[in-house]
Amino acid sequence: MKVRLVRRDSASRMAMLAAPVLALVLTCLTSLILFAALGKPAGVALHALLLKPFLSWYSFSEVLLKTAPLLLIAQGLAIGFRANVFNIGAEGQFVIGAICASAFPVYFPNGDLPMMLPAMIICGALGGMAYALIAAALRTRFGASEILVTLMLTLIAIQILNYLLLGPWKDPRGFNFPQTVMFPFNALLPILIEGTRTNISLIFALVASVFTYLMMQHHFGGYQLRTAGLAPKAALYAGFSAPRLIWISLAFGGLAAGIAGASEVAGPLGQLQRSVATGYGFAAIIVAYLGGLNPIGIVISSFIISALYIGGDSATVSAGLPVAAVEVFQGMLLGFYLLTFTLIRYRIEFDRRIAA
Amino acid sequence: MSGLEFLLAGTLAAALPMLLAALGEMVVEKTGLLNLGLEGMMALGAAIAFICVYHSGSHGLGFLAAAFAGALLSMLFAILVIGVRANAVATGLAVGVLGLGLSALFGKSYESLTVDGLPEIGLPVLSQIPLVGPTLFTQDIVVWLTILGTVGLWYVLNRTKLGLIISAVGENAEAARAIGYQVGAIRCAAVGFGGALCGLAGAYASTVYTPLWADGMIAGRGWIALALVVFGTWKTGRVVFGALLFGLLSLGELTAQAVGVGLPSQLLSSLPYIVTILMLTVISSRGLKSRT
């Protein structure tokens, strides 16, 4: 007897919504068991992870602060993922974006440069994009896998960051800490909600979401991307240029990650430091898939993952969990989502014929 | 210890975790899959091995448990990618993130504790060779077993029917299925083998190479292993050569920092990745030419 997966003719909207919810429930149940087995107060841990972020205005604003980069990067990546262009190096593009943006305050530390902030954001965006396009060039010209190239570029980007922070860009009055000078006031993003750290990068992310929604749903380019992802041969016969889709996918992914990197140094960090590379680029891949590669879904999933980060912080205090418990949660959530998603999109069929 | 002895003795030990993980991943990739979760599987293996060795004092038990843990985690990848055809890139990352998280969770109460390393065993005659003998031919048992295992793996992949089947599955899954091979089962076994080797790699890192537990101690070795497979163009001998080269580089990086060479150590750290991109480009462009 063989077991086969048969794709359902149409996945109902109900099913698309059920998959993530089911995944979240399964993740909670599994973590409850895991935390209990490790002797941690499971109930306290889950309460901290899932509810604490929404119980105070301050922690909620922190959720919004983290949502911005995750949402922005994930929207950029999802464009490529739909066309089967797997840019997994957003982390590197994010770091390069942060570095390019930081060049202005590092060389003009008194803030005596007109248009400082716009220059930083634009430079960050272009830097991130250029870095991603290295992979596009190698893929289209030589056929080198963009998965591995973007990954390697990320590891190189982190070394570039280390080099700058330990060498030429180190703050001379920073007590030898690997970080740049504190940025002047006009190099910082305006705060969106008074009294919190949430800044206008959230607006960038929301604009990007609207843009990708319009592009994917109502524009010919989005149609080409989706076709290339679902049926590469059909896209080829229709005359869509595969190299162009690769360039477009990587360009948007790098651009978004670059802006997010620039916003991070011009936002909550206020300087370039090693902790800029904390894995937003990798988490955004999870966000993109959890959102079903759908622009609206990604808005929701970025919010959930970001709430988990804040919840994880409070779980370290109240339940004695390590910060990495958030990673356990993220990993499980994506795993269960991929599982439930397929089971909802496919029917399991038992083939009782004996193979001839 | 002189500089030369330090390099000789250290290179093998530094290369070993990367080599084990890369050999495992090479087999996985030979069957046509790409598992990006190496870093996580290694971290989980490292944590499990450390905990086992800490409580039992037995390295054998630690390595066994680590291999089992790595294989178990890799089965998650197998279920999702082979079983329900989920996207391999996303699944590999999920497995990696999960492994990193679990290792930190399990290892939390063992932070900065230490265990005993393994005694070094000198090969009878060879270790008597003046100058290089005492350092090069005196290594711990895992090194000797790995060398044996690597030769064995080369033999299986290149000289046996099993090796042929593995290549057939990777190169043309449809054809392999048509002549009656269980493609799914073979891939599953390869993924499990890769996971087990990653677990062993982690175990070596946490209980022999630096016998202590610290969160994040795998420190990118999984990503280097991934690079190594490409660098070695999916051939056992070249992967071994690459691992030794990368091991030497990582030692060179430490030495450069200690001696304070003018060359930034970050450049040395980046070299494996830069070389991998170049290799990838060369290999892929050859592939393009032969296809057109």
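Quick caveat, the model's predicted, so the values are computed rather than measured.

Colleague: Just to check I follow, could you spell out the overall build of chain A for this structure?
Modeller: The helix and strand inventory of chain A stands at 13 helices and two strands. Long-range pairs, those at least 24 residues apart, make up 78% of the contacts in chain A between residues at least 6 apart in sequence. Accessible surface computed for chain A: about 15500 Å², of which carbon and sulfur atoms make up 69%.

Colleague: Explanation requested: the packing of aromatic side chains in the structure shown.
Modeller: Each aromatic ring pair is characterised by the separation of its centres together with the angle its planes make. For the coordinates displayed, the defined rule picks out 16 aromatic pairs over all chains. Consider the rings of F54 of chain A and F60 of chain A, whose centres lie 6.3 Å apart with planes at 50°: the pair is tilted. F60 of chain A gets classed as partly exposed once you look at its relative accessible area, which sits at 24%. Residues F50 of chain B and Y110 of chain B carry aromatic rings whose centres are separated by 6.5 Å and whose planes lie at 75° to one another, so their mutual orientation is edge-to-face. Within this pair, whereas F50 of chain B is found in helix 2 (residues 38-56), its partner Y110 of chain B is found in the loop between helix 4 (88-107) and strand 1 (120-122), the two being separated by 60 residues in sequence. The residues F50 of chain B and Y110 of chain B share a single accessibility class, namely buried. Counting every residue linked through ring pairs, the aromatic cluster contains F54, W57, F60 and F303 of chain A. The ring centre of Y309 of chain A lies 5.8 Å from the NZ or CZ of K66 of chain A, which sits over that ring.

Colleague: Could you clarify how one ought to interpret the nonpolar core in this entry?
Modeller: Across soluble globular proteins, you tend to see nonpolar side chains buried next to one another. Residues I73, L272 and I305 of chain A are the most contacted members of the largest nonpolar core, which totals 185 residues. Examining the composition of this core, we find that 13 residues originate from one element, helix 1 (residues 3-30) of chain B, more than from any other. If you look at the next biggest cluster of nonpolar residues, it comprises six residues, including I165, A173, V183 and I186 of chain B.

Colleague: What is the right way to look at the environment of P295 of chain A in this model?
Modeller: Residue and element names in this part refer to chain A. Among the structural elements, P295 can be located in helix 12 (residues 295-318). According to the relative accessible area criterion, P295 is buried, its value standing at 3%. Residues P295 and A208, 87 residues apart in the sequence, show an inter-C-alpha distance of 9.3 Å. The residues touching P295, leaving out its near neighbours within four places in the chain, are Q75, R82, S209, T212, Y213, M216 and Q217.

Colleague: So what exactly am I meant to see when it comes to the environment of A65 of chain B here?
Modeller: All names here are of chain B. Locating A65 in the fold gives a position in helix 3 (residues 59-83). According to the relative accessible area criterion, A65 is partly exposed, its value standing at 21%. Once you skip the residues sitting within four places of it in the chain, A65 turns out to touch I48 and C52.

Colleague: Help me out: how do you make sense of the pattern of salt bridges in this one?
Modeller: Should the charged atoms of two oppositely charged side chains come close, the side chains can pair. All names here are of chain A. For the structure shown, the criterion picks out three salt bridges over all chains. Across the pair E146 and R139 runs a salt bridge, and its minimum N-O distance is 2.8 Å. Of the residues examined, E146 reaches a relative accessible area of 5% and is grouped as buried. Relative accessible area serves as the criterion here: at 27%, R139 is assigned to the partly exposed category.

Colleague: What's the story with the interface of chain A and chain B in this structure? I'm lost.
Modeller: Tallying the contact residues gives 45 residues for chain A and 40 residues for chain B. Across the interface of chain A and chain B, roughly 3700 Å² is buried in total on both sides, 84% from carbon and sulfur atoms. Together, F142, L148 and M152 of chain A form the three largest contributors to the area buried by chain A at its contact with chain B, with a combined 15%. For the interface between chain A and chain B, the tally reads zero salt bridges.

Colleague: It is not clear to me how the side chain of D140 of chain B should be interpreted in this structure. Could you clarify?
Modeller: Residue and element names in this part refer to chain B. Within the secondary structure, D140 sits in strand 2 (residues 138-140). For D140, the side chain forms a polar contact with the main-chain nitrogen of V142, separated by 3.2 Å. Polar contacts involving the side chain of D140 include one to the side chain of Y204, which spans 2.9 Å. In this structure, D140 is in contact with L118, P119, E120, I121, Y204 and V208, ignoring residues within four places of it in sequence.

Colleague: Would you explain a nonpolar patch on the surface in this entry?
Modeller: Taken together, the side chains of V210, Y213, L214, I296, I300 and I304 of chain A present a nonpolar region at the surface, about 520 Å² in accessible area. Inspection of the secondary structure assignment puts I300 of chain A in helix 12.

The rules behind each value
Residues numbered from 1 in each chain as written. Chains lettered and ligands numbered in written order. Predicted model: local features only at pLDDT ≥ 70, side-chain atom pairs only at ≥ 80, totals over all residues. Heavy atoms only, no water. Helix = DSSP H or I, 4+ residues; strand = E, 2+ residues; numbered from the N terminus. Contact = heavy atoms within 4.5 Å. Areas by Shrake-Rupley, 256 points an atom, 1.4 Å probe, with all protein chains shown as cover. Phe/Tyr/Trp six-rings, centres within 6.5 Å; stacked < 30°, edge-to-face > 60°. Buried < 20%, exposed > 50% of the residue type's maximum accessible area, 1.4 Å probe, protein only. Lys NZ or Arg CZ within 6 Å of the ring centre and 35° of its normal. Core = buried A, V, L, I, M, F, W, Y, C linked by side-chain atoms within 4.5 Å. Salt bridge = Lys/Arg side-chain N within 4 Å of Asp/Glu carboxyl O. Buried area = accessible area lost by both parts, 1.4 Å probe. Polar contact = N/O pair within 3.5 Å; in protein donor to acceptor, adjacent residues only side chain to side chain. Patch = residues over 30% accessible without salt bridge, like charges linked within 9 Å, V, L, I, M, F, W, Y side chains within 5 Å.

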